[in-house]
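Geometric and topological summary
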Amino acid sequence: MGKKFPDYVPPTQIAYLDDEAPTLHLRKCRISVERDGRWVERTFDQAVVNIGAMDDNDLVLPEDTVSRFHCRIYQEDNAYVIQDLGSTNGTFVNKVRVKEAYLRPGCQISLGKARIEFQSVDEKVRIQPSADDRYGDIIGNNVKMRQLFGILEKIAPTDTTVVIEGETGTGKEVVARTIHQTSHRKGKPFVVFDCSAVPDNLIEAELFGHEKGSFTGAVSSRPGLFEMADGGTIFLDELGELNLDLQPKLLRVLEMREVRRVGGTRPFRVDVRVIAATNRTLEDEVRAGRFREDLYYRLSVVRLFLPALRERTEDVPLLVRHFLRTGRFNRDAEGRLRVNALSREALEAMLAYDWPGNVRELLNVVERACSFAETDTIQLEDLPQHLIGSGHMRRMAQLKPEVLDGEDDVSEIGTFKDAKEKWVAAFEREYIERLLEQNEHNISHAARSADIDRKYFRKLMKKYGLDSRG
């Protein structure tokens, strides 16, 4: 009997609505098992539920009439499907024997003499921003980050597959590791695989393992990363780089929860949670034909979006303090902190910068600044020149000397040289005046902030009749 009667089951997803808190839709299935005249309920949130008499099934039915690996229930787009796995006594849905069929909520399933009842569950949870500024190793006080913490609190304890999207350097691996550490798998392996760092011809052997002699150089059998992650979590970084030819094999692992080594004949069952990350937009990759649509739907059970650092610059001071407190680069030989503060000028420059490399770039800047710092406080001159320059260019753009205001005929101002000198003079005066105000008329601090010599700064002050008392 083929698949029939698809019933819509809302997918697990996060819905973002303008000016409202995001809503997390959790897709689950509830299976009730009849035992000794009463029904025992089990709820599953994973994409595939394996059922059989063996202990390594998700739902174990220790009946003589149930095969070792009898059947599986899996999510297909917006429905649940049951598939018989070649059982001896067959799989029956509402007393009709099936090879594969869609499941309706409330249907009765018979596996030999065992009886179970299927229900689909759509749990809707409004996500409120967390009151905390961190979740595990993730730091942030921005509302998008605190909403993310609220989502993670709900999904981390489950086995839900997660795809993390965001620009390079936003901390996708930190989020994946935090999900693992706050789940029931935290005592098991956390295995990382970068899909962009391994040649295409070696990826299959890395992920799924290989048998001795399966290819040139395979001098012994070797387990793959999925086997090594058994019981734990595998993190597939830069998933968008995975070759199209390998995507069906990854899809099979996600559906069947089993791997076959390169050159091998028998599959190995694996119990892993899959978390993937990409800096690409997977919908665009699907439309362009570079990513399989069925794999995209299988992976995208929950999708998380990490904001760029430029979208949450209020978190920069929080992150800097965290890096100074926890970074090994900021410890002396006795283990004491070398640097414990950031000057106002340095902070202003950091806040004015766009951070194209995101949190990873910020960490690198803090590490570099600690190595240059001569005191226990990071000063403006300890930062990279491109970062200092970015802040000053932005401040200069905000200064608008009104040399041309009210002059319809620019020739009345004089020659180009005259006009330029007037503009520069107006700019220099306003710039020096504002720097003095921002630095509470401390000439040394103002000169450092401008990245010019203190004597030259005094000369400019004298030229425009300014003094340090305002």
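First things first, this report covers the structure right here in the doc. Owing to the predicted nature of the structure, the values given are computational and were not obtained by experimental measurement.

**Focus: the overall build of the protein**
- Across its full length, the protein carries 14 helices and 25 strands.
- Relative to its full complement of 470 residues, the protein shows a buried share of 47%.
- Considering only intrachain contacts with a sequence separation of at least 6, the fraction spanning at least 24 residues in the protein is 60%.
- Accessible area of the protein: about 23900 Å², with a carbon and sulfur share of 47%.

**Comments concerning the packing of aromatic side chains**
- Counting across every chain of the model gives 6 aromatic pairs.
- With centroids separated by 6.3 Å and ring planes inclined at 15 degrees, the aromatic side chains of Phe 190 and Phe 235 adopt a geometry described as stacked. With Phe 190 in strand β16 (residues 190-194) and Phe 235 in strand β19 (residues 233-237), the pair connects residues that are 45 residues apart, well separated along the chain. In this structure, Phe 190 and Phe 235 share a single accessibility class: buried.
- Sitting above the plane of the Phe 372 ring, Arg 368 keeps its charged end 4.3 Å from the centroid.

**Structural notes on the pairing of strand β6 (residues 71-76)**
- Judged by how many residues are buried, β6 sits mostly within the fold: 5 of 6 residues are covered.
- Relative to strand β7 (residues 79-84), β6 runs antiparallel, the two being bridged by 6 bridges. Each bridged residue has a counterpart across the sheet, and for Glu 76 the counterpart in β7 is Ala 79.

**A short note on the layout of surface pockets**
- The volume enclosed by the largest pocket comes to roughly 660 Å³.
- Together, 28 residues line the largest pocket, and Gly 169, Thr 170, Gly 171, Val 174 and Val 359 are the ones closest to its centre.
- Of all elements in the fold, only β14 (138-139), α2 (172-181), α8 (316-326) and α10 (358-372) reach the threshold of two or more residues within the lining of the largest pocket.
- With 5 residues, α2 is the single largest residue contributor to the lining of the largest pocket.

**Looking at the sheet that holds strand β10 (residues 100-102)**
- Read across the sheet, 5 strands follow the order β5-β4-β6-β7-β10 without closing on themselves; strand pairing throughout is mixed. Each edge of the open sheet is held by one strand with a lone partner, namely β5 (59-60) and β10.
- Where strand β4 (residues 48-52) lies against β5, 2 bridges are found, and the strand directions are parallel. Residue pairing across strands places Ile 51 opposite Leu 59, the latter belonging to β5.

**Overview of empty space enclosed by the protein**
- With the rule as written, the count across this model stands at 1 cavity of 30 Å³ or more.
- Looking at the largest cavity, its volume works out to about 30 Å³.
- Taken together, Arg 344, Glu 345, Glu 348, Leu 435, Gln 438, Asn 439 and Ser 449 make up the full set of residues lining the largest cavity.
- Elements supplying a minimum of two residues to the lining of the largest cavity: α9 (344-352) and α12 (416-438).
- Split by residue class, the lining of the largest cavity holds 1 nonpolar, 3 polar and 3 charged.

**Some thoughts on α8**
- With 8 of 11 residues buried, α8 lies mostly within the body of the structure.
- Of the residues making up α8, those classed as buried are Val 316, Pro 317, Leu 318, Leu 319, Val 320, His 322, Phe 323 and Leu 324.
- Structurally, α8 contributes buried residues whose contacts are with β13 (134-135), β14, β24 (341-342), α9, α10 and β25 (377-378).

**Side note on unusual backbone geometry**
- You will see that Asn 94, though not glycine, has its phi angle at about 50 degrees, which is positive.
- Locating Asn 94 in the fold gives a position in the loop between β8 (91-93) and β9 (96-98).
- Look at Glu 238: it is not a glycine, yet its phi comes out positive at around 50 degrees.

**Regarding the sheet that holds strand β23 (residues 302-305)**
- The 5 strands are arranged β16-β19-β22-β15-β23 in an open sheet whose pairing can be described as parallel. Of all the strands in the sheet, the pair left with one neighbour each is β16 and β23. Adjacent strand axes in the sheet meet at a mean angle of 20 degrees, parallel and antiparallel pairs treated alike.
- Sheet analysis places strand β15 (residues 162-165) next to β23, joined by 4 bridges and oriented parallel. Paired with Glu 165 across the two strands is Phe 305, which belongs to β23.
- Packed on one face of the sheet, helix α1 (residues 143-155) meets β15, β22 (273-278) and β23 and runs near 155 degrees to β23.

**Overview of the environment of Gly 169**
- Within the secondary structure layout, Gly 169 lies in the loop between β15 and α2.
- On the accessibility criterion, Gly 169 (6% relative accessible area) is buried.
- Along the backbone, Gly 169 and Pro 356 are 187 residues apart, and their C-alpha atoms lie at a distance of 8.7 Å.
- Not counting chain neighbours up to four residues away, the residues in contact with Gly 169 comprise Gly 357, Asn 358, Val 359 and Arg 360.

**Some details on the side chain of Thr 233**
- Following the sequence through the fold, Thr 233 ends up in strand β19.
- Among the polar contacts listed, one links the side chain of Thr 233 to the side chain of His 180, at a separation of 2.8 Å.
- In contact with Thr 233, other than residues within four places in its own chain, are His 180, Arg 185, Pro 189, Phe 190, Val 191, Arg 273 and Ile 275.

Rules and cut-offs
- Residues numbered from 1 in each chain as written.
- Predicted model: local features only at pLDDT ≥ 70, side-chain atom pairs only at ≥ 80, totals over all residues.
- Heavy atoms only, no water.
- Helix = DSSP H or I, 4+ residues; strand = E, 2+ residues; numbered from the N terminus.
- Buried < 20%, exposed > 50% of the residue type's maximum accessible area, 1.4 Å probe, protein only.
- Contact = heavy atoms within 4.5 Å.
- Areas by Shrake-Rupley, 256 points an atom, 1.4 Å probe, with all protein chains shown as cover.
- Phe/Tyr/Trp six-rings, centres within 6.5 Å; stacked < 30°, edge-to-face > 60°.
- Lys NZ or Arg CZ within 6 Å of the ring centre and 35° of its normal.
- Pairing = 2+ DSSP bridges.
- 1 Å grid on protein atoms, 1.4 Å probe; cavity = no way out; pocket = protein on both sides within 12 Å on 5 of 7 lines; lining within 4 Å.
- Points joined across faces, edges and corners; volume = space filled by probe spheres on them.
- Nonpolar A, V, L, I, M, F, W, Y, C, P; charged D, E, K, R; others polar.
- Axes fitted to C-alpha atoms, helices over the stretch in contact; angles between N-to-C directions.
- Polar contact = N/O pair within 3.5 Å; in protein donor to acceptor, adjacent residues only side chain to side chain.

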